[in-house]
Amino acid sequence: MSTAVIGDDGLARCPWGVSAPEYIAYHDEEWGRPVRDDQGLYERLCLEAFQSGLSWLTILRKREGFRKAFAGFDPDQVAGYGPEDVERLLADTAIVRNRAKIEATVANARAALDLPGGLAALVWRYADPEAPAPATLADVPTLTPGSTLLAKELKKNGFRFVGPTTAYALMQACGLVDDHLTGCHRRGAHSAAESGEGAEPAGRLG
């Protein structure tokens, strides 16, 4: 099952987007919608890091726990977290309790605040609105030259857990590329060139 799939509601979706109710909502309402604000992109970046090695469904189901634990992913607040906060979060069953990832979330907040021009300005330099439209899942890359460069620049600026694959997942999730399959009803619904005003901060396929 590698091409768009017709759901019970008669709408065609990417195959991963029909496997669970959480995926349907995420696929239809968020994935691929341009996110252009710093806080929204910071949240996505952190959630992608937490997803590493896990199912994205796990992250979606713990999302509200993550938001509560990290002050709604407000970089100004998370940047002030200290060792005691890390220990507190390691005991929080509402999130993924991984010390390296928790510490990376704090470090990434500080890195985001230190970026000249902000996180959104950096990330959106790597938008690829001309990326080929995938017809099947086999046509969807896991990384690209652009995501490799984005990961390199983020790391250079102090970000952690941002390899080329994670960077590409961020690009997919935040609308820098449109990787909805050609038969999917969301294909082209939110082009990488649109303004993205009003886009909700949000996560990823995994």
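Cut-offs and rules
Residues numbered from 1 in each chain as written. Predicted model: local features only at pLDDT ≥ 70, side-chain atom pairs only at ≥ 80, totals over all residues. Heavy atoms only, no water. Phe/Tyr/Trp six-rings, centres within 6.5 Å; stacked < 30°, edge-to-face > 60°. Helix = DSSP H or I, 4+ residues; strand = E, 2+ residues; numbered from the N terminus. Buried < 20%, exposed > 50% of the residue type's maximum accessible area, 1.4 Å probe, protein only. Lys NZ or Arg CZ within 6 Å of the ring centre and 35° of its normal. Axes fitted to C-alpha atoms, helices over the stretch in contact; angles between N-to-C directions. Parallel < 35°, antiparallel > 145°, perpendicular 65-115°, else oblique. Left-handed = near helix turned anticlockwise from the far one by under 90°. Contact = heavy atoms within 4.5 Å. Nonpolar A, V, L, I, M, F, W, Y, C, P; charged D, E, K, R; others polar.

- By the naming in an unreviewed UniProt entry, the protein goes by DNA-3-methyladenine glycosylase I and is assigned to Actinomadura craniellae.

**Side note on the packing of aromatic side chains**
For step 1, the next point in the chain: All told, the structure shown has 9 aromatic pairs when counted by the stated rule.
For step 2, the next point in the chain: Note on W16 and W31: the rings are 4.9 Å apart at their centroids and 75 degrees apart in plane angle, and the pair reads as edge-to-face. Pair noted here: W16 is in the loop between β2 (12-13) and α1 (21-29) and W31 is in the loop between α1 and α2 (38-51), with a separation of 15 residues, a long-range link. Both residues of the pair, W16 and W31, belong to the buried class.
For step 3, the next point in the chain: An angle of 45 degrees between the planes, with centres 5.9 Å apart, marks the rings of Y26 and W56 as tilted. Of this pair, Y26 sits in helix α1 while W56 sits in helix α3 (residues 56-61), and the two are 30 residues apart along the sequence.
For step 4, the next point in the chain: Given the relative accessible area of 2%, Y26 is considered buried.
For step 5, the next point in the chain: Taken together, the aromatic side chains of Y42, F50, F66, F70, F73 and Y81 make up a single cluster linked through ring pairs.
For step 6, the next point in the chain: The residue whose ring lies beneath R36 is W124, and the NZ or CZ to ring-centre distance is 3.7 Å.
For step 7, the next point in the chain: The ring centre of Y81 lies 5.6 Å from the NZ or CZ of R88, which sits over that ring.

**Focus: the packing of helix α6 (residues 83-90) against helix α7 (residues 99-114)**
For step 1, the next point in the chain: Between α6 and α7, the shortest axis-to-axis distance is 10 Å and the interhelical angle comes to 135 degrees. Taken together, α6 and α7 sit at an angle that is classed as oblique. When the axes of α6 and α7 are compared, the crossing they make is right-handed. Contacts between α6 and α7 involve V86, E87, L89 and L90 on the former and, on the latter, R99, I102 and E103.
For step 2, the next point in the chain: Residues belonging to the contact of α6 with α7 are distributed by class as follows: 4 nonpolar, no polar and 3 charged.

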